[in-house]
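Here are the chains, one letter per residue:
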Amino acid sequence: MTSSEIETRSDHPHTAEPRSFTLAGAAGMLVGDVWEPIGDADPVDEILMLHGGAQTRNSWNRAARRLATEGYRVTTMDARGHGDSDWAEDGDYDIHRMVDDLELIVAARFPGRLPVLVGASLGGLTGLLALGTAKPVARALVLVDVTPKIEAKGVQRIGEFMRSGLDGFADLEAAAEAIAAYQPGRQRPTNLDGLRKNLRQKGDGRWYWHWDPRFVAGATGDNAEIGNDYFEGIVPHVTEPTMLIRGSRSDIVSDESVAHLLRHLPHAYTHEVADAGHMVAGDDNAVFLDQLEWFLAEILGSPPRPGARGE
């Protein structure tokens, strides 16, 4: 098991920028970014951010930059089969394999101090499963728009959207149109360059999602129901401080989902972001970060560095 730093993107003294690294995983190379805190002081805390299914580590860039500017060291990872990480030769993207990868990442990158794990959707479920089965991967957990009981209709809708793009897009504009149709409540970006991090242009000139198409096979309503039953027995064993941040318009996490979480994990904190959907961090990044930093400061005792300049 080896880990290597592969790129430094900026040494500007007042702007946090990522340094990429690779890590040899069970299914091939895993790729991540580390965002070092501004200045020479030790980091306020260690944060590990795991993206949702069919996303990449770049979905955390805005959040990671602000957190690093405020004194935290932030690590963001591409899950197996996503972004720049290798695809699994056997196509195994079972969540238990994601937990295996998480254990490896923490052992390699966080010697001596467990991170605060921030997990969106699939990343949050990975953290829940790991901590609920006594894996030493985090000292606290922040769930971003995911709970042990998720709405099957929402999962089905996400799966249909992902499958609809498997044949690729003629150009970035076509991809943006598809995303806008799926997320009509989110403001469409005028600059499409950000899509280049979530799509790959292949030899045929078309743009394809930046993840293994075999991953999407598990995104069905039936699988969501099976997962709900399984997680119900796992979650009560999570003892670490936990917080849920969810969007009020999420079709994945409902009021019933939140009540179910609190019945099985009564020590959890919850916050709803008004007029935000799935994913809440993309719809209202500022409010999401304000709530995350409240949890870090008030519950975990790791406030932002005094005088830090956030975005």
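This text goes with the structure placed above it.
Residues numbered from 1 in each chain as written. Predicted model: local features only at pLDDT ≥ 70, side-chain atom pairs only at ≥ 80, totals over all residues. Heavy atoms only, no water.

(A) Structural context of the overall build of the protein. Scanning the protein from N- to C-terminus turns up nine helices and 11 strands. Buried positions account for 52% of the 311 residues belonging to the protein. Look at the contacts in the protein between residues 6 or more apart in sequence, and 73% of them connect residues 24 or more apart. Surface accessibility of the protein: about 13,500 Å² in total, with carbon and sulfur atoms responsible for 50%. (Helix = DSSP H or I, 4+ residues; strand = E, 2+ residues; numbered from the N terminus. Buried < 20%, exposed > 50% of the residue type's maximum accessible area, 1.4 Å probe, protein only. Contact = heavy atoms within 4.5 Å. Areas by Shrake-Rupley, 256 points an atom, 1.4 Å probe, with all protein chains shown as cover.)

(B) Spotlight on helix α2 (residues 95-109). In this model, α2 (15 residues) spans 21 Å end to end at C-alpha, consistent with the 21 Å of a helix rising 1.5 Å per residue. Among all positions in α2, only Ile95, Met98, Val99, Asp101, Leu102, Leu104, Ile105, Val106 and Arg109 are buried. (Expected span 1.5 Å × (residues − 1).)

(C) Local environment of the pairing of strand β10 (residues 242-247). Summarising burial for β10: six of the six residues are buried, a large majority. Along β10, one buried face is formed by Thr242, Leu244 and Arg246 and the opposite face, lined by Met243, Ile245 and Gly247, is buried too. In terms of strand pairing, strand β7 (residues 140-144) meets β10 through four bridges, oriented parallel. Bridge pairing in β10 places Leu141 opposite Thr242. Judged from the five bridges that link them, β10 and strand β11 (residues 269-273) form a sheet pairing that is parallel. Opposite Ile245, over in β11, you have His271 as the bridge partner. With respect to chirality, the unit in which β10 leads through helix α7 (residues 255-264) into the neighbouring parallel β11 is right-handed. (Pairing = 2+ DSSP bridges. Right-handed = clockwise from strand over helix to strand, strands pointing away.)

(D) Region of interest: the environment of Thr270. Relative to the elements of secondary structure, Thr270 occurs in strand β11. Judged by its relative accessible area of 38%, Thr270 is partly exposed. Each C-alpha atom of the pair Thr270 and Met243 lies 5.6 Å from the other, and the pair is 27 residues apart in sequence. Once residues within four sequence positions are removed from consideration, Thr270 is found in contact with Leu244, Val258, Leu261 and Leu262.

(E) Representation of the pattern of salt bridges. Within this structure, the stated rule accounts for 19 salt bridges. In this structure, the salt-bridge partner of Asp212 is Arg214, at a minimum N-O distance of 2.7 Å. According to the relative accessible area criterion, Arg214 is partly exposed, its value standing at 40%. Taken together, the shared-partner salt bridges connect Arg19, Glu36, Glu46 and Arg73 into one network. (Salt bridge = Lys/Arg side-chain N within 4 Å of Asp/Glu carboxyl O.)

(F) Local environment of the packing of α2 against helix α3 (residues 122-132). With their axes 9 Å apart at the nearest point, α2 and α3 run at an angle of 75° to one another. With respect to α3, the element α2 is oriented roughly perpendicular. On α3, the residues touching Ile95, His96, Met98, Val99 and Leu102 of α2 are Leu122, Leu125, Thr126, Gly127, Leu129 and Ala130. Its residues assigned to classes, the contact of α2 with α3 comprises eight nonpolar, three polar and no charged. (Axes fitted to C-alpha atoms, helices over the stretch in contact; angles between N-to-C directions. Parallel < 35°, antiparallel > 145°, perpendicular 65-115°, else oblique. Nonpolar A, V, L, I, M, F, W, Y, C, P; charged D, E, K, R; others polar.)

(G) Main features of the packing of aromatic side chains. For the structure on display, the rule yields eight aromatic pairs. Consider the rings of Tyr269 and Trp294, whose centres lie 5.7 Å apart with planes at 70°: the pair is edge-to-face. Of this pair, Tyr269 sits in strand β11 while Trp294 sits in helix α9 (residues 285-299), placing them 25 residues apart in sequence. Residue class for Tyr269 comes out partly exposed when judged on its relative accessible area of 33%. According to the relative accessible area criterion, Trp294 is partly exposed, its value standing at 35%. Here the aromatic cluster, defined as three or more aromatic residues joined through ring pairs, consists of Phe161, Phe169, Trp209 and Trp211. Geometry around Phe21 places Arg109 over its ring, the cationic atom sitting 3.7 Å from the centre. Just above the ring of Tyr208 sits the side chain of Lys202; from NZ or CZ to the centre is 4.6 Å. (Phe/Tyr/Trp six-rings, centres within 6.5 Å; stacked < 30°, edge-to-face > 60°. Lys NZ or Arg CZ within 6 Å of the ring centre and 35° of its normal.)

(H) Examining the nonpolar core more closely. Judged by nonpolar contacts, the single largest core of 63 residues is most densely connected at Leu48, Leu102, Leu128 and Leu199. Per-element tally for this core: the top contributor is α2, with seven residues. Beyond its immediate stretch of four places on either side in the chain, Leu199 contacts Phe169, Leu172, Ala175, Trp207, Tyr208, Trp209 and His210. Membership of the second largest hydrophobic core comes to 28 residues, among which are Trp60, Met243, Phe288 and Leu292. (Core = buried A, V, L, I, M, F, W, Y, C linked by side-chain atoms within 4.5 Å.)

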